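Structure at a glance
Listed below, chain by chain, are the residues.
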Amino acid sequence: MEEEALPELTLRILCELGLGRDPETAAEISLNSIRNEFLSRAFSSASTGSAGKILRLRNILSHCARTGAPAREELLGFLQDLQAENETRWEERTQRLPVVLLAPLFLCFFPSALLLLGGLLIPLLWNTI
């Protein structure tokens, strides 16, 4: 959800704000256009699961609606934070990749190579005994 749906929702809200709508209406229209039930429920309740980022988005929108502050810069900062967290998550995944790729080597190729070498060495050992 944090990699696709939440940035898409934020971008749609930015587009709706660019059309001159207030933040609450922009959020409502954007949620209806995405048609993601999990995101809609999480956005309306924002009290469970990965609600930290959704709660932050709701707080940005409610603050801008309440005070009349411009929401564009806040939402762009929110998008940059999401992007930075996604990049960090992908970097962690790519750092674990070489270890995962070693598993077939040790589970399949290495034992089969030992069996092959053993199969070649056993007749030689039988001849010497």
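Structure: above.
The structure contained in this document is the topic of the report that follows. (Residues numbered from 1 in each chain as written. Predicted model: local features only at pLDDT ≥ 70, side-chain atom pairs only at ≥ 80, totals over all residues. Heavy atoms only, no water.)

1. Observations concerning the overall build of the protein chain
A count of helices and strands for the protein chain gives five helices and zero strands. In the protein chain, the order of α-helices and β-strands from amino to carboxyl end is α-α-α-α-α. Viewed in the frame of its principal axes, the protein chain has a C-alpha envelope of about 95 × 25 × 25 Å. When each of the 129 residues of the protein chain is scored for burial, the buried share is 25%. Looking at the protein chain alone, contacts between residues at least 24 apart form 55% of all its contacts between residues at least 6 apart. Carbon and sulfur atoms provide 62% of the accessible area of the protein chain, an area that totals close to 9100 Å². Between the averaged position of the 12 positive side-chain charges in the protein chain and that of its 16 negative side-chain charges there is a distance of 3 Å. (Helix = DSSP H or I, 4+ residues; strand = E, 2+ residues; numbered from the N terminus. Buried < 20%, exposed > 50% of the residue type's maximum accessible area, 1.4 Å probe, protein only. Contact = heavy atoms within 4.5 Å. Areas by Shrake-Rupley, 256 points an atom, 1.4 Å probe, with all protein chains shown as cover. Lys, Arg positive; Asp, Glu negative; His and termini not counted. Charge placed at Lys NZ, Arg CZ, Asp CG, Glu CD.)

2. Here's the deal with the side chain of Thr10
The residue Thr10 is located in helix H1 (residues 5–18) in this model. What Thr10 contacts, discounting residues up to four positions off in sequence, is Leu57, Leu75, Phe78 and Leu79.

3. Regarding the side chain of Ser30
Within the secondary structure layout, Ser30 lies in helix H2 (residues 23–34). Only 2.7 Å separates the side chain of Ser30 from the backbone oxygen of Ala26, close enough to count as a polar contact. If we ignore the near neighbours within four places in the chain, the residues touching Ser30 are Leu9, Arg12, Ile13 and Glu16. (Polar contact = N/O pair within 3.5 Å; in protein donor to acceptor, adjacent residues only side chain to side chain.)

4. Section: the packing of H1 against helix H5 (residues 72–128)
Remark: H1 packs on H5, axes separated minimally by 10 Å, with the N-to-C direction vectors making an angle of 165°. On the basis of their axis angle, the class for H1 and H5 is roughly antiparallel. Crossing handedness for the pair H1 and H5: left-handed. Taken together, the residues of H5 that come into contact with H1 (itself represented by Leu6, Pro7, Thr10, Leu11, Ile13, Leu14 and Leu17) are Arg72, Leu75, Leu76, Phe78, Leu79 and Leu82. Taken together, the residues of the contact of H1 with H5 break down into eleven nonpolar, one polar and one charged. (Axes fitted to C-alpha atoms, helices over the stretch in contact; angles between N-to-C directions. Parallel < 35°, antiparallel > 145°, perpendicular 65-115°, else oblique. Left-handed = near helix turned anticlockwise from the far one by under 90°. Nonpolar A, V, L, I, M, F, W, Y, C, P; charged D, E, K, R; others polar.)

5. A short note on H1
Here H1 spans 20 Å end to end across 14 residues, near enough to the 20 Å set by a 1.5 Å rise per residue. Every buried residue belonging to H1 is among Ala5, Leu6, Pro7, Leu9, Thr10, Ile13, Leu14, Glu16 and Leu17, and all of these are buried. Trailing H1 by a residue or two, Gly20 shows a phi angle of about 100°, which is positive. (Expected span 1.5 Å × (residues − 1).)

6. A few points about H5
The end-to-end C-alpha separation of H5 is 83 Å, in line with the 84 Å expected for 57 residues at 1.5 Å each. At Phe106, H5 shows its maximal kink, close to 35°. Among the residues making up H5, those that are buried are Leu75, Phe78, Leu79, Leu82 and Asn86. (Bend = angle between axes of the 7 residues up to and from the residue.)

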